[in-house]
Amino acid sequence: RFSGIPFDADHPYEYREAKRVLQLALDELLQNKHLRRLGIDPSQRGRPKITGKASSSVWDCLTLKNAVAKKFTEAPHLTMSIRQRGHVLVMVTIPNGVRTSIRRNMIHMGQRRFCDIILGIATDLTKRLKKAKEAKPWMDVVQRHFLTQGSNGIEDARLEYDLRTALGRNEGRKKAGDRVKNQPEWLDATYEAWSKKRSNLQIGVGAIFPFNCAVLHTREALRYFAETWLACETLIGAALGR
């Protein structure tokens, strides 16, 4: 049974333990009845084999039955990553290799609708994560290239930011001591990069849970992971043309 993410200042990240904990968490989340409405496929996980012992993170994902894709890299999927940098990322990932219809849906929605969807997610996540102190709504945009098929990707660019930077002055900032400043240009840049991409580029929308987030070390973390994906339901629907 999953009992929380064990890593903190006194218990540093270790790959094999991170892999074991990740598998336990996703095995339980596969049975989450609330996630069924997103269309998760309880019969399979995304990666057929988790590799990358030498890397600084370990990740896996849940796939969506209604995405109609032969491989999880052809459609949005629900990703969880435990990183040596000291946090867990829980994201809806729009991968580089999505089918043409999904890419078309993402572009044709236009910048205004894209931004409105993400703003809605940011506001919803702020509410859902209110009791998970230190957790933040998060965007992760990365460009990679690969030297050989099957090799680890080499990062060419990465844009990471707190999604509350796109909210208005008084929206989504209820936590004491929160001093996030409004800078919506990061969100604009995300749409611009995706709509005009000429590289291996993927985007992820969700939340970041630092290792010092108390709820992360308990079974209650599973609920917050599920809540993160549920908050992104509108993005999944728009990408799939629903």
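Because the structure is a prediction, the values reported are computed rather than measured.

Helix and strand content of the protein chain: six helices and seven strands. Taken from N to C terminus, the helices and strands of the protein chain fall in the order α-β-β-β-β-α-α-β-β-α-β-α-α. Its C-alpha atoms give the protein chain principal-axis dimensions of roughly 45 × 45 × 35 Å. Looking at the 242 residues of the protein chain, the share that counts as buried comes to 50%. When contacts within the protein chain are restricted to residue pairs at least 6 apart in sequence, those whose partners lie at least 24 apart make up 65%. When the accessible area of the protein chain is evaluated, it comes to approximately 12,200 Å², of which 48% is carbon and sulfur surface.

In this section: the nonpolar core. Ranked by internal contacts, the top residues of the largest apolar core, which has 74 residues, are Phe 209, Phe 225 and Trp 229. Take this core: its biggest share by element is eight residues, from helix H5 (residues 221–231). Apart from residues lying up to four places away in sequence, Phe 225 is in contact with Phe 2, Leu 29, Met 80, Val 88, Val 90, Phe 209 and Leu 216.

All right, on to the environment of Leu 187 then. Position of Leu 187 among the secondary structure elements: in helix H4 (residues 185–195). For the pair Leu 187 and Leu 119, spaced 68 residues apart in sequence, the C-alpha separation works out to 9.1 Å. Non-local contacts of Leu 187, meaning those with residues more than four positions away in its chain, are made with Phe 114, Cys 115, Ile 118, Leu 119, Met 139, Tyr 161 and Ala 166.

This next bit is on the packing of aromatic side chains. Counted according to the given criterion, the structure contains five aromatic pairs. Here the aromatic rings of Phe 209 and Phe 225 are separated by 5.3 Å at their centres, their planes lie at 80°, and the arrangement is edge-to-face. Placement of the pair is Phe 209 in strand E7 (residues 200–210) and Phe 225 in helix H5, with a sequence separation of 16 residues. You'll find Phe 209 and Phe 225 in the same group, each marked buried. Here the aromatic cluster, defined as three or more aromatic residues joined through ring pairs, consists of Phe 7, Tyr 13 and Phe 211. In this structure, Arg 223 packs its charged tip against the face of Tyr 224, placed 4.5 Å from the ring centre.

What follows covers the state of the cysteines. If you walk through the whole model with that rule in mind, you get zero disulfides. The closest cysteine sulfur to the non-disulfide-bonded Cys 61 is located on Cys 232, 15 Å from its own sulfur. Note on Cys 115: no disulfide assigned, nearest cysteine sulfur contributed by Cys 232 at a separation of 15 Å.

Enumeration according to the criterion identifies 13 salt bridges in this entry. Ionic pairing is found between Arg 37 and Glu 233, a salt bridge with its closest N-O pair at 3.0 Å. Of the two residues, Arg 37 sits in the loop between helix H1 (15–29) and strand E1 (40–45) while Glu 233 sits in helix H6 (residues 233–239), which places them 196 residues apart along the sequence. In this structure, Arg 83 and Glu 160 form a salt bridge, with 3.6 Å as the shortest nitrogen-oxygen distance. Of this pair, Arg 83 sits in strand E3 (residues 77–83) while Glu 160 is found in strand E6 (residues 154–162), placing the two residues 77 residues apart along the sequence. Assessed through its relative accessible area of 11%, Arg 83 is described here as buried. It is possible to trace a salt-bridge network through shared partners that takes in Arg 83, Arg 85, Asp 140, Glu 155, Arg 158 and Glu 160.

Turning next to the side chain of Ser 195. Note that Ser 195 resides in helix H4. Here the side chain of Ser 195 touches Glu 192 through a polar contact of 3.3 Å, landing on its backbone oxygen. Here Ser 195 is in contact with Arg 103 and Ile 107, once residues within four sequence places are set aside.

This part takes up the sheet that holds E1. Strand order across the open sheet formed by seven strands is E1-E2-E3-E4-E7-E5-E6, with antiparallel pairing between neighbours. Sheet topology places E1 and E6 at the edges, where each strand pairs with a single neighbour. Taking each pair of neighbouring strands and ignoring which way they run, the sheet shows an average axis angle of 30°. Where E1 and strand E2 (residues 57–64) come together, two bridges link them in antiparallel fashion. Bridge assignment links Ile 40 to a residue of E2, and that residue is Leu 64.

Thresholds applied
- Residues numbered from 1 in each chain as written.
- Predicted model: local features only at pLDDT ≥ 70, side-chain atom pairs only at ≥ 80, totals over all residues.
- Heavy atoms only, no water.
- Helix = DSSP H or I, 4+ residues; strand = E, 2+ residues; numbered from the N terminus.
- Buried < 20%, exposed > 50% of the residue type's maximum accessible area, 1.4 Å probe, protein only.
- Contact = heavy atoms within 4.5 Å.
- Areas by Shrake-Rupley, 256 points an atom, 1.4 Å probe, with all protein chains shown as cover.
- Core = buried A, V, L, I, M, F, W, Y, C linked by side-chain atoms within 4.5 Å.
- Phe/Tyr/Trp six-rings, centres within 6.5 Å; stacked < 30°, edge-to-face > 60°.
- Lys NZ or Arg CZ within 6 Å of the ring centre and 35° of its normal.
- Disulfide = S-S within 2.5 Å.
- Salt bridge = Lys/Arg side-chain N within 4 Å of Asp/Glu carboxyl O.
- Polar contact = N/O pair within 3.5 Å; in protein donor to acceptor, adjacent residues only side chain to side chain.
- Pairing = 2+ DSSP bridges.
- Axes fitted to C-alpha atoms, helices over the stretch in contact; angles between N-to-C directions.

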